[in-house]
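# A look at the structure
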Amino acid sequence: MSIELKHVYKKFGNFKALDDVSLKIEDGELLALLGPSGSGKTTLLRVVAGLDSFDEGQVLFSGRDAQDQKARERGVGFVFQHYALFRHMTVFDNIAFGLNVQPGKIRPSRQEIRAKVMELLNLVQLEWLAERYPWQLSGGQRQRIALARALAVRPKVLLLDEPFGSLDAQVRKELRAWLRRFHDEFHITTIFVTHDQEEALEVADRIVVMNKGMLVQVGTPEDVFHNPVNSFVLSFLGNVNFFHCRLEQGKAMIGDTALEVPGLSVDQPQTAKLYVRPNQFKISRVFTKAALKAIVEYVNPAGTIVKVNLKTIDSGERILVEITQEEFKQSKIRKHEKVYVSLKDVSYSEYVQDDP
Amino acid sequence: MRMGMSRRFVQKSILPGFSLSLGFTIFYLSLIVLIPLSMVFFKASSMGAKDFLEVIMAPRTLAAYRLSFTTALLSAGINAVFGLIVAWVLVRYSFPGKRIMDALVDFPLALPTAVAGIALTELYTPTGWIGQCLSTVGVKAAFTPFGITIALTFIGLPFVVRTIQPVLEDMDPQIEEAAASLGANRWQVVSKIILPVIFPALLTGVTLAFARAIGEYGSVIFIAGNMPMKTEIVPLLIMTKLEQYDYTGATAIAIGMLVISFLLLAAANFFQWLMSKNLGKV
């Protein structure tokens, strides 16, 4: 089922939770709502689910206005951040709940419900927990039971609110991969909320970056990562270094140092902010004029990449640089060493008004 | 041998103080509850079994037992329904005057029961504000079992409200939203999700209200009318015996009441334990 939001506004008192949100989610898409806390992403999810009302605008399900459809009539599976499992029911009864409350005419028989629940438990690989109570499960198990419960009523849309937010790193990685596989197999239109950029980039077909109740950028993970529309998106999607500089033809003046900026052309000198990802630097021991002089403060080679923390000598600014293990082996950079930092590339530059 | 015993009974804990606090608890409960209670039995044991049975099986005593227990149960039942609604409204909604309403709930506890009794009687006599209205439809409240039930309902309300309130506050509204998004209608949410979770607390509250109602004296005697065989409650019968210096008779009646109350409370506790066994925290 496709979902469309048209100019949706929602206020809590004076706080704008949703500010002119228009968005179309295609049938079978896996969409991530990404943003800092308070950016309106959970509110957006709840509006789609029919759990929250909105002040203005329209929500369309497959082109039909969903205004008069209550939450229970929308055919939406909602998985809450803290799972919201029914603690007085066994895992089995939790999953069967959605089927058990169906009106007599369409409710499956007890055997059918049993079969369905076992099938779902099988899907989330927790058959052996059927007779347990929620408080006897671990966080990751609860999360998967909450998912199975939401899937029991064959929802046309699956909405997940920070689904892996309160799990430990290992379980989170597993469930992330599981969700992606699950989606590739069943193609249920899925929206999930997250504040973890890595999660969004890894799992989603498309990412919606939100801030202050507004959509900042909508696009594929590749798109939003490499072509951010502004510095907010850029700094939200991973580490970034930023410099105040003066841009001239092909050069960025940082203090007295003129750095070469590949692929940059300006008509006239401009004051700007320069955003550089950690992997867009080049470190060298050999003196170059067009490079920032810096001292190595700390090197962390544990990982697939090597993180080098630098402090510039002129201005004392801190720079995070990432180099590959090969580069690290070749250069053998060590703590307290003096190095020269130049640019390979620039992620994003933003002009600022010259101070009068 | 001793070591083995203590290992089985006392779970090892890093925090000290178990034996001290257990000792204190036993001492305190004995001093405050057990010793006074056993005095009742001690006193009654001075009379023979035949005399004892004669007192508690007397028609007047039986009528008082019946009246006391039916009105107490009835008032506890009424409070179960309306106390639950009051607690629900106080927890789930915010409205002007909520704090005042919340404070009002405790009022029946703070008010001297005799004052409550006089006020209620004043209201429910056929010439009183409410009594007038009731008498036009042919209902007599004051000086009937109905009047007693009203008084007992009045004093029992805070127990039900105050025990359910924290449990309701603790309940995550998302649980209800989850049920609704799974297709449950409002009635199914209440009956399958909310009630099972708050039932143990509700039962505790109702039990407390019932226990209080059984022993209530002050607020009832004014509105009851105190006619033997008709509107005479057990505590009043005991008072009457005491005034006639029939101490053993009074304690015999008290024992009968104690035993029935104990059985009812034990049953309620057992049931509550059964219900809450699987209500772990999530």
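From a predicted model like this one, the values you see are computed outputs, not experimental measurements. (Residues numbered from 1 in each chain as written. Chains lettered and ligands numbered in written order. Predicted model: local features only at pLDDT ≥ 70, side-chain atom pairs only at ≥ 80, totals over all residues. Heavy atoms only, no water.)

Across the contact, 23 residues belong to chain B and 23 residues belong to chain A. Both sides of the chain B and chain A interface together cover about 2,300 Å² of buried area, and 64% of this is carbon and sulfur. At the surface where chain B touches chain A, the tally comes to one salt bridge. Put simply, A:R46 and B:E177 hold a salt bridge, and the shortest N to O gap is 2.6 Å. Scanning the region where chain B abuts chain A turns up three residue pairs in polar contact (both at pLDDT 80 or more). Secondary structure elements with two or more residues in the side of chain B that touches chain A: α10 (173-181) and α11 (186-215) of chain B. Broken down by element, the side of chain B that touches chain A gets its largest block of residues, seven residues, from α10(B). Class assignment of the residues belonging to the side of chain B that touches chain A gives a composition of eleven nonpolar, seven polar and five charged. (Contact = heavy atoms within 4.5 Å. Buried area = accessible area lost by both parts, 1.4 Å probe. Salt bridge = Lys/Arg side-chain N within 4 Å of Asp/Glu carboxyl O. Polar contact = N/O pair within 3.5 Å; in protein donor to acceptor, adjacent residues only side chain to side chain. Helix = DSSP H or I, 4+ residues; strand = E, 2+ residues; numbered from the N terminus. Nonpolar A, V, L, I, M, F, W, Y, C, P; charged D, E, K, R; others polar.)

Below, the discussion takes up the domain arrangement of chain A. Residues and elements named next belong to chain A. Along its sequence, chain A is carved into domain 1 (3-236) and domain 2 (241-351). Averaged C-alpha coordinates put domain 1 and domain 2 at centres separated by 40 Å. With six residues of domain 1 at the contact, the number on the domain 2 side is five residues. Carbon and sulfur atoms make up 57% of the area that domain 1 and domain 2 hide from each other, which totals about 550 Å². It is F225, S231 and L234 in domain 1 that bury the most area against domain 2; as a group they hold 74% of the surface buried on that side. At the boundary of domain 1 with domain 2, the tally comes to zero salt bridges. Counting across the interface, domain 1 meets domain 2 through one residue pair in polar contact (both at pLDDT 80 or more). Broken down by class, the residue content of the side of domain 1 that touches domain 2 amounts to four nonpolar, two polar and no charged. (Domains from an automatic or database assignment.)

A word on the nonpolar core. Ranked by internal contacts, the top residues of the largest apolar core, which has 100 residues, are A:L5, A:L33, A:F86, A:F97 and A:L159. At twelve residues, the largest contribution of residues to this core is made by helix α4 (residues 59-92) of chain B. Ignoring any residue separated from it by four or fewer positions in sequence, one finds A:F97 in contact with A:F86, A:M89, B:A179, B:L182, B:A184, B:K192 and B:I193. Ranked by size, the runner-up nonpolar core spans 46 residues in total, among them A:I95, A:I145, A:L175 and A:F182. (Core = buried A, V, L, I, M, F, W, Y, C linked by side-chain atoms within 4.5 Å. Buried < 20%, exposed > 50% of the residue type's maximum accessible area, 1.4 Å probe, protein only.)

On to the layout of surface pockets. Residues and elements named next belong to chain A. The computed volume of the largest pocket comes to approximately 370 Å³. The set of elements that each furnish at least two residues to the lining of the largest pocket consists of α6 (197-203) and α7 (221-226). For the lining of the largest pocket, the leading source of residues is α6, giving three residues. Taken together, the residues of the lining of the largest pocket sort by class into seven nonpolar, seven polar and three charged. Taken domain by domain, the makeup of the lining of the largest pocket includes at least three residues from each of domain 1 (3-236) and domain 2 (241-351). (1 Å grid on protein atoms, 1.4 Å probe; cavity = no way out; pocket = protein on both sides within 12 Å on 5 of 7 lines; lining within 4 Å. Points joined across faces, edges and corners; volume = space filled by probe spheres on them.)

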